[in-house]
Amino acid sequence: MGVLLSKLSETVMAVVPVSILVLLLHFTVAPLPDHELTNFLIGAGLIILGLAVFLLGVDLAVTPVGENVGSALARSRNLPLMMGGGLVLGFFINVAEPNLLVIAGQVFEATGGAISIFSVVLLASIGVGLMIAIGLLRIIMQWPLNNTLLLFFGIICLLAVLSSNDLLGIATDTSGATTGSMTVPFILALGIGVSQVHGGKKAEEDSFGLAGLSTAGPMSAVMILIIIKGLDKVDGGLSESGANTTDTWTYLLEVVKGVVMDVTSAIVPLIIITIIAQFTLLKLSKRAFTRILIGFVYTFFGFILFLSGVNVGFMNAGKVIGEALANQSVPLVIAVGAAIGLLVILAEPSVHVLCAQIEDITAGAVTKKLILATLAIGVSLAIVLTLIRLAVPGAQLWHFLLPGYMICMVLSRMTPPLFVGMGFDSGTAASGPMTATFILAFTQGAATAWGGPSGLIDAFGVIAMVAMTPIICVQVLGIVANRKETKDDPAALSKAEER
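Keep in mind that what you see is a predicted model, and the values were worked out from it rather than measured.

Caption draft 1: Representation of the state of the cysteines in the model. This model, assessed by the stated rule, comprises zero disulfides. The cysteine C157 is free of any disulfide, with C408 supplying the nearest cysteine sulfur at 9.4 Å. Free of any disulfide, C355 has its nearest cysteine sulfur in C473, 13 Å distant. Assessed through its relative accessible area of 0%, C355 is described here as buried.

Caption draft 2: Expanded view of unusual backbone geometry. Even without being glycine, K283 reaches a positive phi, approximately 55 degrees. Mapped onto the elements of the fold, K283 is located in the loop between helix 12 (248-282) and helix 13 (286-326). Under the relative-accessibility criterion, K283 is labelled exposed at 59%. At A363, a residue that is not glycine, the phi angle is positive and equals roughly 55 degrees. You can see A363 is positioned in the loop between helix 15 (349-361) and helix 16 (368-391).

Caption draft 3: Just the environment of L370, in detail. Positionally, L370 belongs in helix 16. Under the relative-accessibility criterion, L370 is labelled partly exposed at 36%.

Caption draft 4: Structural context of the environment of M13. Examined against the element boundaries, M13 turns out to sit in helix 1 (residues 2-26). Accessibility expressed as a relative area gives 61% for M13, which makes it exposed.

Caption draft 5: Main features of helix 1. Taking 1.5 Å as the rise per residue, helix 1 with 25 residues should run 36 Å; its terminal C-alpha atoms sit 35 Å apart, in good agreement. The largest bend in helix 1 amounts to roughly 25 degrees and is located at V16, with the proline P17 lying one to four residues further along. Those residues of helix 1 not exposed but buried are K7, T11, A14, V15, V18, S19, L21, V22, L25 and H26. Looking at the buried side of helix 1, the elements it contacts are helix 2 (34-75), helix 13, helix 14 (330-344), helix 15 and helix 19 (433-451).

Caption draft 6: Broad picture of empty space enclosed by the protein. According to the stated counting rule, one finds three cavities of 30 Å³ or more in the structure shown. In this model, the largest cavity occupies a volume close to 90 Å³. Looking at the lining of the largest cavity, the elements with two or more residues in it are helix 7 (165-178), helix 18 (417-430) and helix 21 (462-488). Class assignment of the residues belonging to the lining of the largest cavity gives a composition of seven nonpolar, nine polar and no charged. Size it by volume and the second largest cavity reaches roughly 60 Å³. Lining the second largest cavity are I156, C157, A160, L168, T172, M219, M223, L401, L402 and Y405.

Caption draft 7: Region of interest: the nonpolar core. Counting residues in each nonpolar core, the largest one holds 160 residues, and the members touching the most others are I340 and M422. Sort the elements by how many residues they give to this core and helix 2 lands first, with 17 residues. Setting aside its immediate chain neighbours within four residues, M422 contacts F208, I358, V366, I371 and V474.

Caption draft 8: Structural view of helix 13. Here helix 13 spans 57 Å end to end across 41 residues, near enough to the 60 Å set by a 1.5 Å rise per residue. By the largest-angle criterion, N311 marks the main kink of helix 13, which is about 35 degrees.

Caption draft 9: Structural context of the packing of aromatic side chains. Enumeration over the complete set of coordinates arrives at seven aromatic pairs. Geometrically, the ring pair formed by F40 and F314 is tilted, given 4.8 Å between the ring centres and 40 degrees between the ring planes. Placement of the pair is F40 in helix 2 and F314 in helix 13, with a sequence separation of 274 residues. Residue F40 shares its accessibility class with F314, and that shared class is buried. Where F91 meets F92, the ring centres are 5.2 Å apart and the plane angle is 85 degrees; that geometry is what we call edge-to-face. Looking at F92, the relative accessible area reads 41%, which means it is partly exposed. An aromatic cluster of at least three residues, connected via ring pairs, comprises F40, F314 and F438.

Caption draft 10: Here's a closer look at the pattern of salt bridges. Overall, the coordinates contain four salt bridges when judged by the stated rule. Taking the shortest distance from any N to any O, the salt bridge between K7 and D59 comes out at 2.6 Å. In this pair, K7 is assigned in helix 1 and D59 in helix 2, connecting sequence segments 52 residues apart. What makes K7 buried here is its relative accessible area of 14%.

Conventions used here
- Every chain's residues receive numbers from 1 upward, in the order its sequence appears when written.
- Per-residue local features of the predicted model are confined to residues with pLDDT of at least 70, and side-chain atom pairs are confined, for both listing and counting, to 80 or more; whole-chain, interface and lining totals are unaffected and use all residues.
- By convention in this description, side-chain values take in all heavy atoms of the structure and omit both hydrogens and water.
- Here, two cysteine sulfur atoms that lie within 2.5 Å of each other are counted as a disulfide.
- Classification of residues uses two cut-offs on accessible area relative to the type maximum, computed with a 1.4 Å probe and protein chains only: under 20% is buried, over 50% is exposed, and between them is partly exposed.
- For helices the rule is a DSSP run of H or I covering at least 4 residues; for strands it is a run of E covering at least 2, with both sets numbered from the N terminus onward.
- By this rule, a helix spans an expected 1.5 Å times one less than how many residues it contains.
- To get the bend at a residue, fit one axis to the 7 residues ending there and another to the 7 starting there, then take the angle between the axes.
- Contacts were defined at the residue level, with two residues in contact if any of their heavy atoms lie within 4.5 Å.
- Grid points spaced at 1 Å over the protein atoms alone were grouped into cavities, where a 1.4 Å probe fits but cannot get out, and pockets, open sets with protein on both sides within 12 Å along at least five of seven lines, with lining residues defined by an atom within 4 Å of a point.
- Grid points are joined across faces, edges and corners, and a volume is the space filled by probe spheres set on the points.
- The classification used treats Ala, Val, Leu, Ile, Met, Phe, Trp, Tyr, Cys and Pro as nonpolar, Asp, Glu, Lys and Arg as charged, and all other residues, Gly among them, as polar.
- The nonpolar core is taken to be a set of buried Ala, Val, Leu, Ile, Met, Phe, Trp, Tyr and Cys residues, with the residues joined through side-chain atoms within 4.5 Å.
- Whether two aromatic rings pair depends on their centres lying within 6.5 Å, for rings of Phe, Tyr and Trp, where Trp uses its six-membered ring; planes under 30 degrees apart make the pair stacked, over 60 edge-to-face, and the rest tilted.
- By definition, a salt bridge exists where a carboxyl oxygen of Asp or Glu is found within 4 Å of a side-chain nitrogen of Lys or Arg.

Now the structure itself:
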């Protein structure tokens, strides 16, 4: 109970700031309809409780399973088994990711049915599985992470040049949506488990990077599909999200029903994998295995509460606020967008998991507060750049993404290796359900105000921006920290040069 109360205290501090901001906007420049305000307050309460229970479940179940499975695969010394296990794990964990199902439905609508939901889910999940297998191979073979990232993100940049501008945002956002709150904690733990066995002297830096590398798979897969199909423009549209009724409890019940199905489909594959692993690889004690199963129960109910709160309260509120502010002033909506970016990241589940693991792996040298602050700046920058793109006629997504990833690659040669993996994993963790709902809805609201109903499609790309800018910020943090270290301790300079 004490642990749960501690988590609850943490989530209150994470969710209350953005809730206060929304209430300030409601009573000043962007009033919400009465039923939307009620939905928002209920949603905020559900998020606080759900996030606390979910994080407790991750600590008890998802992280231990990921680390134990990773360690068991690594100890097997069987390279085909490791890569095959990574492929299967990545596919089945990702195939039912709730965020992926949402974005796949939007891709189907935006392309007028030219790209089916099934094809997006299948290709994205295969992409994640392949990249996890390659990522595990990288740890075993001790390939430098920055070179591996340069190869695959270089391929992505080439595919982006060949892809349609209209569809680039759809392809890149698919990548951000695949790595959600269930997938990221497991992949992070899997990488830590393998690196602890095979990492050697590089175990600390190899603990990170697997989740970030995994995003290259679905992004490449969807871009290739678009190129093969010869799609060069959007032939469909997007249905506007929103409550179909002003009756709060009816709407809440509708949302919860859908969320229960999504969460069940996301949790069940992981439980099945855990049971199979227990009788083949893990062979944990009865007490340890029971603790993990109890953890899955916490994860299940916590995720239901969290996603219900996000969908009931934050998605619709985000669109209403974005549209209202954009109709008043471009600088105003950009300023509020920057503030939202600073605060919303605090309520992102995967970010809390990542920050805790970074603090643990680095023995407190890189604190959770420092990483949270860095990510908040990154997400804020992403929203500002997205709104500028939407407001400036002729601005295209690739004008921001291609130079941004080039900067990421350059920084990866300058920052300590540990911060390369942390940076790419941070971008992956930041683009979770709060981004895919509240932030996306906010930018869609602004885009609708500036471009009408077709503006909903223009907002695609914000998830990709949120996944990119934290990479830059964390790597810059690494450069600053390294310079401070070498200034304070001249002997550290030789160590930095050796790296």
